[in-house]
Amino acid sequence: MNRAFLAGLVRLAITLAVIGAVLLAVLIPFALPHEHPGTVIAAFLLGPLSSLRHLGNVAEYATPIAFTGLAATVVFRSGLFNLGIESGVFLGGLAATTAALLLLSFGPFTPFVAIVVGAVVGSISCIVPGELRLRWEAPEMVTSLVLNFAILYAGVFFLNYYLRDPAAGSLMSYRIPADAKLDRLLAGTRLNSGAIVALVACLAGGVWLYFTRSGLNLRIVGQGPVFASHLGLPSRRIIMQAQIVGGMIAGMAGAIQVLGLYPRFSWTQLPGLGWTGIIIAILARENPFYVVPAALFLGYLQVGGDFLARDIGIPSEVVGLITAAIMLAVTATAIFQHPAVLRLIRRIRQVEAAR
Amino acid sequence: MTDRRDDGERAAGPAPVVAFDHISKTYANGTVALRDVSFSIPARTIHAICGENGAGKSTLMKILFGLEGPTAGQVLLDGQPVSTATRDFAGRHGIGMVHQHFSLIPTLSVTENIILGHEPKKGVLIDRAAARAKVEALSQRYGLAVDPDAITGRLPVAAQQKVEILKALSRDTRVLILDEPTAVLSPPEINELFSRLRDLRDHGITILFISHKLNEVRSLAESVTVLRAGQVAGAARLADVPDNMIMQMVMGRPVEITRREPRQVTGEPLLVMSGVSLASRDPADRLRDIDLVIHPGEIVGVAGVDGSGQRGLVSLVTGAARPGAGSISFDGEDMAAASTERWRARGMAHLPSDRFTQGGVPALTLIENAIAGTDGDRRFQRGPFLRGGAISEAVAGMVEDYSVRALSIGERLDSLSGGNVQKLIAARELATEPRFLIADQPTRGIDVAAAAFIHKRIVDAAERGAAVLLVTADLDELLRLSDRVVVMFGGQITAVLANEAHLTPERLGPFMLGLEDMP
């Protein structure tokens, strides 16, 4: 166990080194024309860490994508590349808003009820492609991708005809009642109690995958489907469970995002949090325990980008560029399977073994 | 560089075409695959390389083929040191290799497969006529008849192997490496292959033949080098040494081959199949009118050329398929429509033929693979949670019991060699004390010591009262273990024979080839 941990550290160190190199490679061309190139890089790298409020901003950004990262992890672990989590977020937000607007108030439990409604409704977006795959072998990647847009337009229709506040200037819902909103945790930021839920959810997800029987069975079905059927595992049920759980987490992400951050529901496009979730899942190597640091890291990049945009006038799209470049580098197995790296890991293990 | 030989004896005759000079190889994960290996191979001979799994045979061949470089030492071709592991090394030096798992693309034609990588060109296009002519010429020259236009994937295995050999020969090859080439062939096909290989030698090609099977080595090769644990354990001219000496070199200790005393089994049969047929998309899996009974404590061996219906038979008694007609009962219960889950609940255990896809998950750890499928076992579970400590202890015990060689039980399954993977799977499957054990090619491709170990465990299971269905292409294994032998051909059972002393592979042959049918 110890050796595996140390070997993991080496990989982590290399990951950080790769990320640092990519960051600088992308940033330096933007920084050079500036009067003080050093301040540009400092603003990006140190800005997010400069005060408690900025750290709060990082956590605020990290909250929804930790959820979607976890959702993507669960879904991918079942062996299905189900992209329904993207519209699951949208649907979850819409359903939670609807619940908050239409249902009676449940006092302090109102947000809880709204989030549960969001989660349940949101899970449809992953269940449908999963069912189509299991029953008719329809490729889930295609069906979920198409379904994302069907759900978006159905949702926008619903918003327009049932939730729209005619008094508001543009297409958005009525104001979400105050008792449905999540508690803010840090003054000056929109960091809310959803962040705690996200952290707990990721830890629970990790415990599920690695320390329970059903988590082991899910990993067996996802990584060894033929073996699973030879064992007599109920593969279809296990795969479906993962779609339901993944979809619910995506729905929760949407619900918490809307109830925690916005005065009204106003998404008329897919929010993109599901796509970011996929990036997180890949960055975290589909391990729920690593989802939290991966989400915080992307949040940190985002806040750094905000600094660039606000203080220096470099477009915040640069952050998207950096994220993309980092993804390319981090997923390059050529770096992580490099003989020199493997040799280093081996040496560590031998030292351990000798002790 | 000196042209040295290590086995003490200096062969008269042509200079060695290949020489290994103090080759060592340590992998990045710390595995020492080869340790100071030196020997040489005279030109125009067939030289066998024997050894257990993990003895280093494959690594040595990968080095010679240029897929990997040695950590120390060098390879000499015609006495000249060469640096392997360079681009297109094998192609430039005329070394061809026939891999155990074919490297053919099933959807391409025979011609396309053979010319792949060095296509004759006409401008930017492939010169198809020239390619076809080249394949025909090759095929004629070496007496390996293939249809150049056939789609490779549709050919029988033996024909695909010919394509593989032609591919290996297609670039002015002087050294041909064959890695376990007989594993996929029936006895007559093996004879055919061997006479083709002798022809190739007479054409001036040096052949390196890697095999586990001593009788094949003896009938084909002139000399042998035995590797054990990455070192040269011995080298000899086959004419000079008896079998048991080579066996001892391979194993490092003497081994006994005895037929198991067949036992008279009485009482009610545990498994009864009657009039069973199976429809399948793949003709090789179809079954017609199968009658089969297995008693508790009895090992029934299924013989047959690969694709005679064995796979269909196994799929029926593991719950992977449902019969089209007929009945299957187990311990008096109708199991024709039973799922794998139900078969397992009744005490079925299965050593599948494909270890890495059917027998385990390569990317999961030994621990996880060892406890897979033990759902609800109180020793390993408290509520939904796995009991890490108890599991580690139990798996460590299994690894110890079955002498699985692994760095640690936290390693991934694919860090083990084939024999060790099979031992771990056997440990898992037999841990449940099954009432019905299906052993499908239980020792294919694994070393003699591991095979003997697995055999013992199968016999132990039978002696505890399990009914055992042994499906194997290895007739030695079949005769060694079975109480009764059934022979399959074309999806039918063509013979049921008691395994008595006069039952020999020769006696089984006609049934396996469908030349004879028992009334």
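Reading the values: the criteria
Residues numbered from 1 in each chain as written. Chains lettered and ligands numbered in written order. Predicted model: local features only at pLDDT ≥ 70, side-chain atom pairs only at ≥ 80, totals over all residues. Heavy atoms only, no water. Helix = DSSP H or I, 4+ residues; strand = E, 2+ residues; numbered from the N terminus. Rg over C-alpha atoms; globule rule 2.2 N^0.38 Å. Buried < 20%, exposed > 50% of the residue type's maximum accessible area, 1.4 Å probe, protein only. Contact = heavy atoms within 4.5 Å. Areas by Shrake-Rupley, 256 points an atom, 1.4 Å probe, with all protein chains shown as cover. Lys, Arg positive; Asp, Glu negative; His and termini not counted. Charge placed at Lys NZ, Arg CZ, Asp CG, Glu CD. Pairing = 2+ DSSP bridges. Axes fitted to C-alpha atoms, helices over the stretch in contact; angles between N-to-C directions. Expected span 1.5 Å × (residues − 1). Arc of directions from axis to C-beta. Core = buried A, V, L, I, M, F, W, Y, C linked by side-chain atoms within 4.5 Å. Domains from an automatic or database assignment. Phe/Tyr/Trp six-rings, centres within 6.5 Å; stacked < 30°, edge-to-face > 60°. Lys NZ or Arg CZ within 6 Å of the ring centre and 35° of its normal. Buried area = accessible area lost by both parts, 1.4 Å probe. Salt bridge = Lys/Arg side-chain N within 4 Å of Asp/Glu carboxyl O. Polar contact = N/O pair within 3.5 Å; in protein donor to acceptor, adjacent residues only side chain to side chain. Parallel < 35°, antiparallel > 145°, perpendicular 65-115°, else oblique. Left-handed = near helix turned anticlockwise from the far one by under 90°. Nonpolar A, V, L, I, M, F, W, Y, C, P; charged D, E, K, R; others polar. Right-handed = clockwise from strand over helix to strand, strands pointing away.

Participant: Looking at this structure, I do not really get the overall build of chain A. What am I missing?
Facilitator: Along its length, chain A carries 16 helices and zero strands. The C-alpha radius of gyration of chain A comes to 22 Å, within 12% of the 20 Å expected for a compact globule of 355 residues. By its C-alpha atoms, chain A is 70 × 65 × 35 Å across when sized along the principal axes. A burial count over chain A gives 52% of its 355 residues as buried. Restricting to contacts in chain A with at least 6 residues of sequence separation, those with at least 24 account for 76%. For chain A, the accessible surface area stands at approximately 15900 Å², while carbon and sulfur atoms represent 69% of it. Treating the 23 positive side-chain charges of chain A as one cloud and the 14 negative ones as another, the clouds have centres 12 Å apart.

Participant: Would you mind showing me how to read the sheet that holds strand β22 (residues 467–471) of chain B here?
Facilitator: Pairing between sheet strands relies on hydrogen bonds along the backbone, with the strands arranged either parallel or antiparallel. Residue and element names in this part refer to chain B. Pairing in this open sheet of six strands is mixed, and the strands run β18-β21-β22-β15-β23-β24 from one edge to the other. Each of the sheet's edge strands pairs with one partner strand only, and the pair in question is β18 (348–351) and β24 (492–498). On average, each strand axis in the sheet is tilted by 20° relative to the strand beside it, whichever way the strands run. As paired strands, strand β23 (residues 484–489) and β24 are joined by six bridges and run antiparallel to one another. Counterpart to Arg484 in the pairing with β24 is Ala498.

Participant: Sorry if this is basic, but what is going on with helix α4 (residues 128–141) of chain B here?
Facilitator: Quick reminder: α-helices carry 3.6 residues per turn. Residues three or four places apart thus point the same way. Residue and element names in this part refer to chain B. The terminal C-alpha atoms of α4 lie 20 Å apart, and with 14 residues this matches the ideal 20 Å at 1.5 Å per residue to within 8%. Among the residues making up α4, those that are buried are Ala131, Val135, Leu138 and Ser139. The buried residues of α4 occupy one face: seen down the axis, they fall within an arc of 95°. Looking at α4, the residues exposed on the side facing more than 90 degrees away from the buried face are Ala129, Gln140 and Arg141. Residues of α4 that are buried in the fold lie against α3 (110–115) and α5 (157–169). The positive-phi residue at the C-terminal boundary of α4 is Gly143, with phi of around 65°.

Participant: I'm lost on the nonpolar core in this one. Help?
Facilitator: One finds Phe90, Ile220, Leu301 and Ile322 of chain A to be the most contacted residues of the largest nonpolar core, which totals 140 residues. Composition of this core by domain shows at least three residues from each of domain 2 (257–347 + 435–519) and domain 3 (356–431) of chain B. Excluding residues that lie within four positions of it along the chain, Ile220 of chain A makes contacts with Pro225, Phe227, Ala228, Leu231 and Leu233 of chain A together with Val361, Leu364 and Ala372 of chain B.

Participant: I keep staring at the packing of aromatic side chains and nothing clicks. Help me out?
Facilitator: Remark: the centre distance and the inter-plane angle together describe each pair of aromatic rings, the angle taken between the planes. Scanning the entire structure with this criterion turns up 14 aromatic pairs over all chains. Measuring from ring centre to ring centre gives 5.6 Å for Tyr402 of chain B and Phe453 of chain B, while their planes differ by 70°; the resulting arrangement is edge-to-face. One end of the pair, Tyr402 of chain B, is in the loop between α13 (388–401) and α14 (418–430); the other, Phe453 of chain B, is in helix α15 (residues 448–463), and 51 residues separate them in sequence. On the basis of relative accessible area, Tyr402 of chain B is assigned to the buried category, the value being 7%. Taken together, the aromatic side chains of Phe90, Tyr262, Phe265 and Trp267 of chain A make up a single cluster linked through ring pairs. Above the face of the Phe307 of chain A ring, Arg310 of chain A is positioned so that its terminal group lies 5.0 Å from the ring centre. The positively charged end of Arg457 of chain B is found above the aromatic ring belonging to Tyr402 of chain B, 4.2 Å away from the centroid.

Participant: Looking at this model, I keep getting lost on the domain arrangement of chain B. Mind explaining?
Facilitator: Size of an interface: often given as the accessible area lost when the parts come together. All names here are of chain B. Along its sequence, chain B is carved into domain 1 (1–94 + 206–255), domain 2 (257–347 + 435–519) and domain 3 (356–431). Look at where the C-alpha atoms of domain 2 and domain 3 centre, and you get two points 27 Å apart. Facing the 11 residues of domain 2 at the interface are 10 residues of domain 3. The junction of domain 2 with domain 3 conceals about 850 Å² of combined surface from both sides, 64% of it contributed by carbon and sulfur atoms. Among the residues domain 2 hides against domain 3, the three largest losses belong to Phe453, Ile454 and Arg457. Together they make up 47% of the total. Counting across the interface, domain 2 meets domain 3 through one salt bridge. For Arg344, the salt bridge is made with Glu429, and the minimal N-O distance between the two is 2.8 Å. In this assembly, domain 2 and domain 3 are joined by three residue pairs in polar contact (both at pLDDT 80 or more). The dominant element in the side of domain 2 that touches domain 3, judged by the number of residues it contributes, is α15, at five residues.

Participant: What is the right way to read the packing of helix α4 (residues 85–102) of chain A against helix α12 (residues 273–283) of chain A from this model?
Facilitator: When two helices pack together, you describe them by how their axes are tilted relative to each other and by the distance separating the axes. Residue and element names in this part refer to chain A. Axis separation between α4 and α12 bottoms out at 7 Å; the angle between their running directions is 135°. Here α4 lies oblique to α12, going by the angle between them. Here the hand of the crossing between α4 and α12 comes out right-handed. The residues of α12 that touch α4, namely those facing Ile85, Glu86 and Val89, are Leu273, Gly274, Trp275 and Ile278. Along the lines of polarity and charge, the residues of the contact of α4 with α12 split into five nonpolar, one polar and one charged.

Participant: Any chance you could explain the pattern of salt bridges here in plain terms?
Facilitator: Side chains carrying opposite charge are able to pair once their charged atoms draw close together. Residue and element names in this part refer to chain B. Using the criterion set out here, one finds 28 salt bridges over all chains in the structure. The salt bridge partner of Arg379 is Asp377, with a shortest N-O separation of 2.9 Å. Three or more residues joined by partner-sharing salt bridges are found here, namely Arg132, Glu136 and Asp149.

Participant: When you look at the environment of Ser58 of chain B in this model, what are you seeing that I'm missing?
Facilitator: Looking at the element boundaries, Ser58 of chain B is found in helix α1 (residues 57–65). Considered as a pair, Ser58 of chain B and Met398 of chain B are 340 residues apart in the sequence and their alpha carbons are 28 Å apart.

Participant: Is there a simple way to think about helix α14 (residues 317–330) of chain A in this case?
Facilitator: With 14 residues, α14 of chain A ought to run about 20 Å at 1.5 Å a step, and its terminal C-alpha atoms sit 20 Å apart, in line with that. Three or more residues of α14 of chain A are buried, namely Val318, Val319, Ile322, Thr323, Ile326, Met327, Ala329 and Val330 of chain A.

Participant: Teacher, can you tell me more about the side chain of Ser315 of chain B here?
Facilitator: Residues and elements named next belong to chain B. Its place among the elements puts Ser315 in helix α9 (residues 310–317). Judged by its relative accessible area of 16%, Ser315 is buried. The contacts of Ser315, once residues within four sequence positions are left out, are Leu278, Ala320 and Ala321.

Participant: I keep staring at the pairing of strand β10 (residues 206–211) of chain B and nothing clicks. Help me out?
Facilitator: In summary, the side chains of a regular strand alternate between the two faces of the sheet. Residue and element names in this part refer to chain B. With six of six residues buried, β10 is to be regarded as a mostly interior element. The sheet contact formed by strand β3 (residues 46–51) and β10 spans five bridges and is parallel. Along β10, the bridge assignment pairs Ala48 with Phe209. Bridge count for strand β9 (residues 175–179) against β10 is five bridges, and the pairing is parallel. Note that in β10 the partner of Leu176 across the bridge is Ile207. Considered for its hand, the β-α-β crossover made up of β9, helix α6 (residues 187–202) and β10 is right-handed.

Participant: Is there a simple way to think about unusual backbone geometry in this case?
Facilitator: The bulk of non-glycine residues show a negative phi, and the bulk of peptide bonds are trans. All names here are of chain A. In this structure, Glu137 is a non-glycine residue whose phi angle is positive, near 55°. If you trace the backbone, Glu137 turns up in the loop between α6 (124–136) and α7 (140–163). On the basis of relative accessibility, which here comes to 67%, the residue Glu137 falls in the exposed class.

Participant: It is not clear to me how the environment of Ser482 of chain B should be interpreted in this structure. Could you clarify?
Facilitator: All names here are of chain B. If you trace the backbone, Ser482 turns up in the loop between α16 (475–481) and β23. Classification of Ser482 by relative accessible area gives buried; the value is 0%. Residues Ser482 and Leu470, 12 residues apart in the sequence, show an inter-C-alpha distance of 7.6 Å. At a separation of 2.7 Å, a polar atom in the side chain of Ser482 contacts the main-chain carbonyl oxygen of Leu478.

Participant: For this particular structure, what's the right way to read the interface of chain A and chain B?
Facilitator: Contact with chain A, which involves 24 residues of that partner, is made by 32 residues of chain B. Seen at the junction of chain A and chain B, the total is two salt bridges. The closest approach of N and O atoms between Asp375 of chain B and Arg213 of chain A, which form a salt bridge, is 3.9 Å. For the pair chain A and chain B, the number of links is 10 residue pairs in polar contact (both at pLDDT 80 or more). Counting only elements with at least two residues in the side of chain A that touches chain B, the list comes to α8 (194–211), α9 (213–223), α10 (225–231) and α16 (339–354) of chain A.

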